[in-house]
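Chain by chain, the residues run as shown.
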Amino acid sequence: MGSVFLMEKEKRELQDKERKQRREQEDLARKQRREQEELLRKQRKEREKQERRERIIRSEKKILKISFWAGLFFAVAELIFALFSHSQSSLMDAVYDSTELIFIALILFLTPLFHMPISEKYPYGFYQVESIFLIIKGFMMVAVTFGVALDVVQTALSGGNMVDGNQVSLFQLVQGLGCLVVYIIMYRLNKHLNSPTVDAEVLGWKLDVWYSLGLSLAFFGSTFLVKTPLAPFAPYFDPLVAVVIMFGMLPETVRMLWSSIRDVFLVSPAESLENIKEISGGILENYDLKPVFYDVLQTGRHLWVSVYVSTEKEMLKVESFKNAQDEVKSAVKAQYDDCSCELILKP
């Protein structure tokens, strides 16, 4: 009887051991499946990120190529017309467009660099390169403005420059309509992009539209000037319009230049800072977290957000803090597509 009892006991222990081993194997298999699924998720996410990066690069290059070839066509047309009509305003426009072409050609080669992922060696990536090139572009445009303005003033002082107003007006009207077509195409393609370089190009074409149509209207009006007592001032109209337009476009160039300089020196963008305070404030309050300091930086197209927080609680659950961080990150990324966001707990 005792031996039978021992055999039953050993049998139960063996069955328990087998069940335990099966459970451990099942747990291990589940764990491996989870790890595999997590790995596949990460790989899929990385692949999607890479595909998105490549799509953005292709879209940016497409817009910049449109801008380059359209700019080259208009620059050549303006130069030929300026030589034919001796118009200082058309020559100034050709010089502007030629300067812009040099910048676009450089950016076309550097566009992939702006999308390189961050690494230990380059913790801020290459986003600053874009700001540096915008600074170079700004200084080039300012230098060209003052250089051409000096030449125009010298022409005015030497007796002015008489041009055929109807001829210049018609040329600028056709050019203005051409610029409008290019602007509409670029504007539609740029709707879902977040690129300071492309934004600057689209803005440039918008200014070109108003510039050309404004010139057309001004020179059409100047044709009536010769029939008035102001006829002696007619030769000065073309250089005067050129100077007015150059200095009218200067503030936009200076704003772009100043914004890029602020980015290079890591000055916090005031509008983004206030917006992020408003976005994160309510979320942090729900988790009993108090914002202490906001570190918000803009480098090129990328926004870096670090929110330093504290809590009056003696203990804080890691899961609660992670949930708060995920919620803040999602809310910020909903408004700023190209950004990095983190919460940092201060003791």
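Below: a short report on this structure. (Residues numbered from 1 in each chain as written. Predicted model: local features only at pLDDT ≥ 70, side-chain atom pairs only at ≥ 80, totals over all residues. Heavy atoms only, no water.)

1. Here we look at the sheet that holds strand 3 (residues 339-345)
Step number 1: Strand order in the open sheet made by the 3 strands is 1-2-3, with mixed pairing throughout. In the strand order of this sheet, the two ends are held by strand 1 (290-299) and strand 3, each with one partner. Put simply, the sheet's adjacent strands are angled 15° from each other on average, direction ignored.
Step number 2: Alignment of strand 1 against strand 2 (residues 302-310), held across 9 bridges, turns out to be antiparallel. Paired with Tyr294 across the two strands is Val307, which belongs to strand 2.
Step number 3: Helix-sheet contacts for helix 7 (residues 270-286) involve strand 1, strand 2 and strand 3, and the interaxial angle to strand 1 is about 145°.
Step number 4: Relative to the sheet, helix 8 (residues 318-335) contacts strand 2 and strand 3, its axis offset from that of strand 3 by approximately 150°. (Pairing = 2+ DSSP bridges. Helix = DSSP H or I, 4+ residues; strand = E, 2+ residues; numbered from the N terminus. Axes fitted to C-alpha atoms, helices over the stretch in contact; angles between N-to-C directions. Contact = heavy atoms within 4.5 Å.)

2. A look at a nonpolar patch on the surface
Step number 1: Where nonpolar side chains cluster on the molecular surface, the patch consists of Leu170, Leu173, Val174, Leu177, Leu180 and Ile184 and spans about 520 Å² of accessible area.
Step number 2: Looking at where Leu170 falls in the secondary structure, it is placed in helix 4 (residues 165-189).
Step number 3: The class for Leu170 is exposed, based on a relative accessible area of 55%. (Patch = residues over 30% accessible without salt bridge, like charges linked within 9 Å, V, L, I, M, F, W, Y side chains within 5 Å. Areas by Shrake-Rupley, 256 points an atom, 1.4 Å probe, with all protein chains shown as cover. Salt bridge = Lys/Arg side-chain N within 4 Å of Asp/Glu carboxyl O. Buried < 20%, exposed > 50% of the residue type's maximum accessible area, 1.4 Å probe, protein only.)

3. Things to note about the packing of aromatic side chains
Step number 1: Counted under the stated rule, the structure contains 6 aromatic pairs.
Step number 2: Ring plane angle 85° and centroid distance 5.2 Å describe the contact between Phe68 and Trp69, whose orientation is recorded as edge-to-face.
Step number 3: Relative accessible area serves as the criterion here: at 18%, Phe68 is assigned to the buried category.
Step number 4: A ring pair is formed by Phe81 and Phe171, whose centres lie 4.1 Å apart and whose planes are at 5°; its orientation type is stacked. With Phe81 in helix 1 (residues 2-85) and Phe171 in helix 4, the pair connects residues that are 90 residues apart, well separated along the chain.
Step number 5: Since its relative accessible area comes to 10%, Phe81 is described here as buried.
Step number 6: We classify Phe171 as buried; its relative accessible area is 18%. (Phe/Tyr/Trp six-rings, centres within 6.5 Å; stacked < 30°, edge-to-face > 60°.)

4. Here we look at helix 8
Step number 1: Between the first and last C-alpha of helix 8 there are 26 Å, a value that for 18 residues agrees with the 26 Å anticipated at 1.5 Å per step.
Step number 2: Residues of helix 8 that are buried include every one of Phe321, Ala324, Gln325, Val328 and Val332, and no others. One side of helix 8 carries all its buried residues, which in axial view fall inside an arc of 95°. Opposite the buried face of helix 8, at more than 90 degrees from it, the exposed residues are Glu319 and Ala334.
Step number 3: Where helix 8 is buried, its residues contact helix 7, strand 2 and strand 3. (Expected span 1.5 Å × (residues − 1). Arc of directions from axis to C-beta.)

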